[in-house]
Amino acid sequence: MPTFFENYRSSDLTFDSSSIYWTNPTDNEICEVMMSWEQPIMEKMAEVCVSEGDDVLELGFGMGILSDAIQAKNPKTHTIVELHKDIIPRLKEWAKDKDNVIVIEGTWADVIDQYKTYDSILLDTYAD
């Protein structure tokens, strides 16, 4: 039987204006990945952890709420690691006009050899 993580990774996500969710095929439970109500939390994380000119590592893009808050702080570099096949295209679209953004596809643990040194590491990962 597949694990929760394996089910999540292979699932098709549903995106609406305020959330990302999926249905776990093991039990047909609807699982929320990210919701818009998290915005104040994400903004506070960036406020506390990121300064202008920092090299920032973000694990998990989701709806891009934390990514927007990090970009507002004007980091030197902003590396984002994302694993889900449905979120990666949205991340790439969001990043296409941001010269300081580096996209790495995969789980944060599987791509650890691609990391460098960062001033801040922020994460709001799901299912790992």
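Rules used throughout
- Residues numbered from 1 in each chain as written.
- Predicted model: local features only at pLDDT ≥ 70, side-chain atom pairs only at ≥ 80, totals over all residues.
- Heavy atoms only, no water.
- Core = buried A, V, L, I, M, F, W, Y, C linked by side-chain atoms within 4.5 Å.
- Buried < 20%, exposed > 50% of the residue type's maximum accessible area, 1.4 Å probe, protein only.
- Helix = DSSP H or I, 4+ residues; strand = E, 2+ residues; numbered from the N terminus.
- Contact = heavy atoms within 4.5 Å.
- Pairing = 2+ DSSP bridges.
- Axes fitted to C-alpha atoms, helices over the stretch in contact; angles between N-to-C directions.
- Left-handed = near helix turned anticlockwise from the far one by under 90°.
- Nonpolar A, V, L, I, M, F, W, Y, C, P; charged D, E, K, R; others polar.
- Phe/Tyr/Trp six-rings, centres within 6.5 Å; stacked < 30°, edge-to-face > 60°.
- Lys NZ or Arg CZ within 6 Å of the ring centre and 35° of its normal.

Peer 1: It is not clear to me how the nonpolar core should be interpreted in this structure. Could you clarify?
Peer 2: One broad rule of soluble globular proteins: the nonpolar side chains tend to lie buried together. In terms of nonpolar packing, the biggest core is built from 25 residues, with Y8, L13, W22, V33, I70 and W94 touching the most fellow members. Listed by contribution, the elements that provide at least two residues to this core are β2 (19-24), β3 (29-35), α2 (39-49), α3 (65-72) and α4 (88-95). Among the elements that line this core, the one with the most residues is α3, at four residues. Among residues more than four places away in sequence, those in contact with I70 are A46, V50, V56, E58, P75, H78 and L122. Ranked by size, the runner-up nonpolar core spans seven residues in total, among them L57, L59, V81 and V111.

Peer 1: Looking at this structure, I do not really get the sheet that holds strand β1 (residues 14-16). What am I missing?
Peer 2: Spatially, the three strands line up as an open sheet ordered β1-β2-β3, and their pairing is antiparallel. Every interior strand has two partners, whereas the edge strands, β1 and β3, have only one. Averaged over all adjacent pairs, the angle separating strand axes in this sheet is 25°, with direction ignored. Pairing between β1 and β2: three bridges, direction antiparallel. Counterpart to T14 in the pairing with β2 is Y21.

Peer 1: What exactly am I supposed to notice about the packing of α2 against α3 here?
Peer 2: Between two packed helices, the angle of one axis relative to the other and the distance separating the axes together describe the packing. Axis separation between α2 and α3 bottoms out at 8 Å; the angle between their running directions is 35°. At the point where α2 passes α3, the crossing takes the right-handed sense. Between α2, through Q39, M42, E43, M45 and A46, and α3, the contact on the second element is made entirely by I65, L66, A69 and I70. Along the lines of polarity and charge, the residues of the contact of α2 with α3 split into seven nonpolar, one polar and one charged.

Peer 1: Just to check I follow, could you spell out the packing of aromatic side chains for this structure?
Peer 2: In this description, a pair of aromatic rings is defined by centroid distance and the angle of the planes. This model, assessed by the stated rule, comprises four aromatic pairs. Arranged with centres 6.5 Å apart and planes meeting at 80°, the rings of Y115 and Y118 form a pair that is edge-to-face. Following the ring pairs from residue to residue traces out a cluster consisting of F4, Y8 and W22. Here K98 stacks its cationic end above the ring of W94, 4.3 Å away from the centre of that ring.

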